[in-house]
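Each chain is listed here by its residues.
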Amino acid sequence: MFRTALRNVLAYRGRLLMTTLAVLLGTGFMTGTMIFSDSIHQAANNSRSKDFTGISVQVADDTAGLPSSARQNSTKSSARLTEATVRRIAALPGVAGTRAVVSGTAAIADKNGNMIGDIMRSTGANFVPDAAGNDARYPMLQGRGPHTATEVALDRGTVEKAGYRLGDTVRIAANGPAISVTLTGVFSSDAPAVRSGNPLALLDTQGARRVLSLAPDQYSSIDVTAAPGTSETALLHAVTPLVPGGNQFRAETGAQLAAQQAEMLAQSGRSLATMLTTAAGISLFIGIFLIANTFTMLVAQRTRQLALLRAIGAGRSQVTRSVLIEALLVGLSGSAAGLLLGIGIGAGLAAGVKSLDADLPRAGVVITPTTVLITLLVGTLVTVLSAALPALRACRIPPVAALSSGEQPATHRSLFLRNVLGSLTTAGGLGLVLLGSTERGATARLPLMVGALLAVLGVVQLLPLLSRPVIALARPPLARLCGTPGSLAALNAIRNPRRTASTAAALTIGLTLVTAMTVIGASVSDAIDRAVTNEMAADYAVTTLTGTLDPSIATSVAQAPGVVASSPVTDVEWRIAGVRTEAKGLDADSADQLVRPSMSQGAATALKRGQILVDSDFAGRHGLAVGSTVTVAPRAGPAPASPSAGCSHPAGCSPPCSCRAAWSPHTSRTRRRSRSWSRARTGQPLPSNRLSRTPPAKAL
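Position numbers for residues start from 1 in each chain and track the written sequence from start to end. Predicted model: local features are reported for residues with pLDDT of at least 70 only, side-chain atom pairs are reported and counted for 80 or more only, and whole-chain, interface and lining totals are derived from all residues. Calculated side-chain values reflect all of the structure's heavy atoms, with hydrogen atoms and water omitted.

Visitor: When you look at the overall build of the protein chain in this model, what are you seeing that I'm missing?
Guide: A run of H or I in DSSP counts as a helix once it spans at least four residues, and a run of E counts as a strand once it spans at least two, with each numbered from the N terminus. Tallying secondary structure elements over the protein chain gives 22 helices and 23 strands in all. Taking all 700 residues of the protein chain together, the buried fraction comes to 43%. Note on areas: these come from Shrake-Rupley sampling with a 1.4 Å probe, and a residue is covered only by the protein chains present in the view. Per element, the accessible surface of the protein chain, about 33800 Å² overall, is 60% carbon and sulfur. Burial classes: relative accessible area under 20% of the type maximum marks a residue as buried, over 50% as exposed, and values in between as partly exposed (1.4 Å probe, protein chains only).

Shown next, in the form of structure tokens:
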């Protein structure tokens, strides 16, 4: 039967070409995903061994030079890493050396004033020269390192991307205003963020502190090198008691830092790998219907041939094996071609990592035996399993069918059972979707996903039933447009609803996915637009991507011509009603002109009376209503009580609580605001050189 199967594959290679193509695309995406993931993993392992060379223990201040979260704003201490801290650590037994580091998020502009790279991965740091004026961590390729606060050195990739030359003026901005410095050197770096195309600027220590708005004696981290014979763990235990108190400080070993970086790099690659895996799964899923439909048509076309084999002595199992062997050969050849395609996809993704603007290391192509085995196995199994039902139908063809012409029609019973099962599946799926629509958050996710899947599968099962009315509606226009051929096509399609449904199933699933993604995207976009436009009355939001706003900026915005109302916005985390809760602080006198919360109880104007607003979900969880007394515990100081002024419907971008006037003594402890909202006088736009709808960090 193997020879018979091989001859059949060669004889019907035209029909099997589409089946092979379906297997090729599905396995190609899957192989490319696995190769890309393996390549990124290998590159991460290679890079982490270089990035933390010489670092046994690192003591870091997570709020120095970096944007602070609401929790950090509320709970960080006033302690710092200073030169005294460095000296105490350097004096410990087992310490071979220390390096005091000043680093943080800093935006670097090109010659046109546009920001280079990803702001969250763009870094400014201090140059630490030795006696010869060199820094071993950043070897110079051209020029020299910065000697004064008005000089800077850039990594080679940034210089090439921006077209800078030694002596050019470079603009840099972080927490303060942008400054202009002179390019004095070009260096190389093994840091993953730099290798992925993000800039790194080196300044002298005082210049770095000035750009990052650090105190004159403050450091962001201290790198400690262990002496021979001292383990990282032992050194960590010795260093930890010298770390200042405060939740913003952390001390970790070099091995821990390397593991965290590897996980971060792997997480960066997972999003793209997940997208490709989803595409591969969809392709294989749709391919199942295409493969099953192809073999169904082949079996129907070869009814007399298969019946003749039965007549000359072939058993049912032999006929079944013959069809399955054909599927095996098609699946194996399609999987082999998909493996080659996947290698190309993986190589293209690995080569294009730099252009993705992602925090991914540059990776070579890694092809493991597991990838090859899984590709061949999955592609072959999918093809064979898809051809299983047509193979079973083939073995049921009686020998007497060799004397007839045409295929055996499906029995009414089989269609009846299929229609009943499809109706039940569709009804169950729609019921789960309705159930999920009444829930919120993670509770709604599972019933919605399962319900949508069941509904799609149910509709696919009902396609033979649904095809009749659809064809009946399409037949008159086909007859008018195409004449007799159109009428014959409609009659031929309705003659065997099962075959019509099998042919249309792949198209149905594809259009369902496209329509679903389009609807979801449009719905999310509309929800965001409505949430912003309905509840935001401010005309402008002044933000920075490199840190937090200095209080002087809020004052300048309020005094700008044309501004009728403005408020700095402070994000903090307090204990409200005994629960850690993110709160947003606004100026009570102008809040009603800047925001329009959708109130379910009370009035937003109660903020002016020293009261707070909470969203309806928070109020429901804690049994609060208008007039309820709520205990609020800021980062420091007593825990006063305030009446609840009202409840608002939750918005996607709003925290559970909004308050300012009542707690201004506490929120003022936060030295910088996260943003400022302002509203212009009607009919008078603000001057473009004062405010911009574009975040200022995007243009320096």
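Visitor: Would you explain the packing of helix 17 (residues 484-495) against helix 18 (residues 497-535) in this entry?
Guide: Following both chains from N to C, one finds helix 17 and helix 18 inclined at 100°, their axes separated by 5 Å at the closest point. With respect to helix 18, the axis of helix 17 lies roughly perpendicular. Residues Asn492, Ala493, Ile494 and Arg495 of helix 17 touch helix 18, and the partners they reach there are Pro497, Arg499 and Thr500. Three classes are used: nonpolar for Ala, Val, Leu, Ile, Met, Phe, Trp, Tyr, Cys and Pro, charged for Asp, Glu, Lys and Arg, and polar for all others, with Gly counted as polar. Of the residues assigned to the contact of helix 17 with helix 18, the class counts are three nonpolar, two polar and two charged. Each axis is a line fitted through C-alpha atoms, and for a helix only the stretch in contact is used; angles between axes span 0 to 180 degrees, taken between their N-to-C directions. To sort the angles, those under 35 degrees are grouped as roughly parallel, those over 145 as roughly antiparallel, those from 65 to 115 as roughly perpendicular, and the leftovers as oblique. Residues are treated as being in contact if the distance between any of their heavy atoms lies within 4.5 Å.

Visitor: Would you mind going over the confidence of the model for the protein chain with me for this structure?
Guide: Low-pLDDT portions of the prediction should not be read for the details of their coordinates. Taken residue by residue, the protein chain gives an average pLDDT of 78. The fraction at 70 or more is 79%. For every residue, the predictor assigns a confidence score, pLDDT, that lies between 0 and 100. Ranking the helices and strands of the protein chain by mean pLDDT puts strand 8 (residues 151-155) first, with 94, and helix 22 (residues 664-667) last, with 38. Between residues 636-641, whose pLDDT stays under 50, and residues either more than four places distant or in other chains, the model counts 17 contacts. pLDDT under 50 marks residues 650-656. Its contacts with residues more than four places away, or in other chains, come to 16 contacts.

Visitor: Sorry, what's going on with helix 10 (residues 303-311) here?
Guide: The α-helix advances 3.6 residues per turn, and as a result positions three or four apart in sequence lie on the same side. Within the span of helix 10, buried status applies to Thr303, Leu306, Ala307, Leu309 and Arg310. In an axial view of helix 10, the angular spread of the buried residues amounts to 155°, which keeps them on one side of the axis. Positive backbone phi, approximately 120°, marks glycine 313, located one or two places after helix 10. It is the directions from the helix axis to the C-beta atoms that the arc portrays.

Visitor: Got a minute to help me understand unusual backbone geometry in this structure?
Guide: Where the residue is not glycine, phi is negative for most of them; where a peptide bond is considered, it is trans in most cases. Unusually for a residue other than glycine, serine 213 sits at a positive phi of about 60°. As for its position among the elements, serine 213 is in the loop between helix 7 (205-211) and strand 12 (218-219). Of the residues examined, serine 213 reaches a relative accessible area of 27% and is grouped as partly exposed.

Visitor: Just to check I follow, could you spell out the side chain of threonine 158 for this structure?
Guide: Structurally, the position occupied by threonine 158 is in helix 5 (residues 156-162). The buried category is assigned to threonine 158, whose relative accessible area is 1%. Here threonine 158 is in contact with Ile116, Asn198, Pro199 and Leu200, once residues within four sequence places are set aside.

Visitor: What is the right way to read the packing of aromatic side chains from this model?
Guide: Given two aromatic rings, one states the distance between the centres and the angle between the planes to describe the pair. Here a pair means two rings of Phe, Tyr or Trp (six-membered ring of Trp) with centres within 6.5 Å. Their orientation is stacked below 30 degrees between planes, edge-to-face above 60, and tilted elsewhere. For the coordinates displayed, the defined rule picks out one aromatic pair. Ring plane angle 65° and centroid distance 5.4 Å describe the contact between tyrosine 138 and phenylalanine 187, whose orientation is recorded as edge-to-face. A residue pair is termed long-range when its members are at least 10 positions apart, and tyrosine 138 in the loop between strand 6 (123-126) and strand 7 (140-143) and phenylalanine 187 in strand 10 (residues 179-187) qualify at 49 residues. Taken as a pair, tyrosine 138 and phenylalanine 187 share a single burial class, namely buried. Positioned above the aromatic ring of tyrosine 219, the side-chain terminus of arginine 209 is 4.5 Å from the ring centre. Here, a charge over a ring is recorded when the distance from Lys NZ or Arg CZ to the ring centre is within 6 Å and its angle to the ring normal is within 35 degrees.

Visitor: Could you clarify how one ought to interpret the nonpolar core in this entry?
Guide: General note: in soluble globular proteins, nonpolar side chains tend to be found buried as a group. The criterion is simple. A nonpolar core is a set of buried Ala, Val, Leu, Ile, Met, Phe, Trp, Tyr and Cys residues joined through side-chain atoms within 4.5 Å. Counting 40 residues, the largest nonpolar core has Val152, Leu154, Val170, Ile172 and Val239 as the members making the most contacts within it. Ranked by the residues each element gives to this core, the list is headed by strand 10, at four residues. In this view, valine 170 contacts Ile108, Ala109, Val152, Leu154, Tyr164, Ile179, Ser180, Val181 and Leu183; residues no more than four positions away in its chain are not counted. Counting 20 residues, the second largest nonpolar core, distinct from the first, contains Ala307, Leu309, Val330 and Ile397.

Visitor: How do you make sense of the side chain of threonine 20 when you look at a structure like this?
Guide: Tracing the backbone through its elements, the reader meets threonine 20 in helix 2 (residues 13-51). Taking the relative accessible area as the measure of exposure, threonine 20 reaches 19% and is therefore buried. Discounting residues that sit within four places of it in the chain, threonine 20 has contacts with Val330, Ser333 and Gly334.

Visitor: How should the pairing of strand 1 (residues 57-61) be read in this particular structure?
Guide: The two faces of a sheet get side chains in turn, since along a regular strand they alternate between them. With five of five residues buried, strand 1 is to be regarded as a mostly interior element. Residues Val57, Val59 and Asp61 line one face of strand 1 and the alternating positions Gln58 and Ala60 line the opposite face, and both faces are buried. Strand pairing is assigned whenever DSSP detects at least two bridges linking the two strands. Relative to strand 14 (residues 249-253), strand 1 runs antiparallel, the two being bridged by five bridges. The partner of alanine 60 across the bridge, within strand 14, is arginine 250.

Visitor: Help me understand the pattern of salt bridges in this model?
Guide: If the charged atoms of two oppositely charged side chains come close together, the side chains can form a pair. One speaks of a salt bridge when a side-chain nitrogen belonging to Lys or Arg is within 4 Å of a carboxyl oxygen belonging to Asp or Glu. In the structure shown here, the tally under the stated rule is seven salt bridges. With a closest N to O distance of 2.9 Å, arginine 250 and aspartate 62 form a salt bridge. Residue arginine 250 is found in strand 14, and its partner aspartate 62 is found in the loop between strand 1 and helix 3 (70-75); the two are separated by 188 residues along the sequence. One salt bridge connects aspartate 168 with lysine 111, and the closest N-O pair in it is separated by 3.8 Å. Of this pair, aspartate 168 sits in the loop between helix 5 and strand 9 (169-173) while lysine 111 sits in the loop between strand 5 (107-108) and strand 6, and the two are 57 residues apart along the sequence. Among the charged side chains, a network of salt bridges with common partners joins Asp62, Arg250 and Glu252.

Visitor: What exactly am I supposed to notice about the environment of methionine 18 here?
Guide: Structurally, the position occupied by methionine 18 is in helix 2. Taking relative accessible area as the criterion, methionine 18 reaches 44% and is therefore assigned partly exposed. Linking methionine 18 and leucine 290, residues 272 residues apart in sequence, is a C-alpha distance of 8.0 Å.

Visitor: Explain helix 17 to me, please; I cannot follow it from the model alone.
Guide: Across its 12 residues, helix 17 extends 16 Å between first and last C-alpha, which sits within 8% of the 16 Å expected from 1.5 Å per residue. Turning to helix 17, its buried residues are Gly486, Ser487 and Ala490. Each buried residue of helix 17 sits inside an arc of 100° when the element is viewed along its axis, so together they form one side. Exposed and oriented more than 90 degrees from the buried face of helix 17 are Thr484, Pro485, Leu488 and Arg495. Buried residues along helix 17 sit against helix 16 (463-482). Between the first and last residue of a helix there are one fewer steps than residues, each counted as 1.5 Å, and that sum is the expected span.

Visitor: In this structure, what is going on with the sheet that holds strand 1? I would like to understand it.
Guide: Strand pairs in the sheet, formed through backbone hydrogen bonds, run parallel or antiparallel to each other. Pairing is antiparallel in the open sheet, where four strands are placed in the order 3-13-1-14. The outermost strands of the open sheet, each flanked by one partner alone, are strand 3 (95-101) and strand 14. Across the sheet, the mean angle from the axis of one strand to that of its neighbour is 15°, orientation sign disregarded. Packing against the sheet, helix 4 (residues 83-90) makes contact with strand 1, strand 3 and strand 13 (221-226), and its axis sits at approximately 165° to strand 3.

Visitor: Would you take a moment to explain the packing of helix 11 (residues 316-351) against helix 13 (residues 388-395) for this structure?
Guide: The description of two helices packed together rests on the angle between their axes and the distance between the axes. In the contact formed by helix 11 and helix 13, the axes pass within 8 Å of each other and the chain directions differ by 145°. Of the two possible hands of crossing, helix 11 and helix 13 adopt the one that is right-handed. Here Arg316, Val319, Thr320, Val323 and Leu324 of helix 11 lie close against helix 13, whose contacting residues are Ala388, Ala391, Ala394 and Cys395. Residue classes in the contact of helix 11 with helix 13 are distributed as seven nonpolar, one polar and one charged. Handedness of each helix crossing follows the sense of rotation of the near helix against the far helix: counterclockwise by less than a right angle gives left-handed, clockwise gives right-handed.

Visitor: Sorry, what's going on with a nonpolar patch on the surface here?
Guide: Like charges within 9 Å and nonpolar side chains (Val, Leu, Ile, Met, Phe, Trp, Tyr) within 5 Å are joined into patches, using only residues over 30% in relative accessible area that form no salt bridge. A surface patch of nonpolar side chains, about 380 Å² in accessible area, is lined by Met18, Leu21, Leu25, Phe29 and Leu341. No other element matches the four residues that helix 2 contributes to the nonpolar patch. On the basis of relative accessibility, which here comes to 31%, the residue leucine 341 falls in the partly exposed class.

Visitor: Would you take a moment to explain the environment of valine 211 for this structure?
Guide: With respect to the helices, strands and loops of the structure, valine 211 is situated in helix 7. Residue classification places valine 211 among the buried residues on the basis of a relative accessible area of 6%. The spatial distance from the C-alpha of valine 211 to the C-alpha of glycine 124 is 8.3 Å, given a sequence separation of 87 residues.

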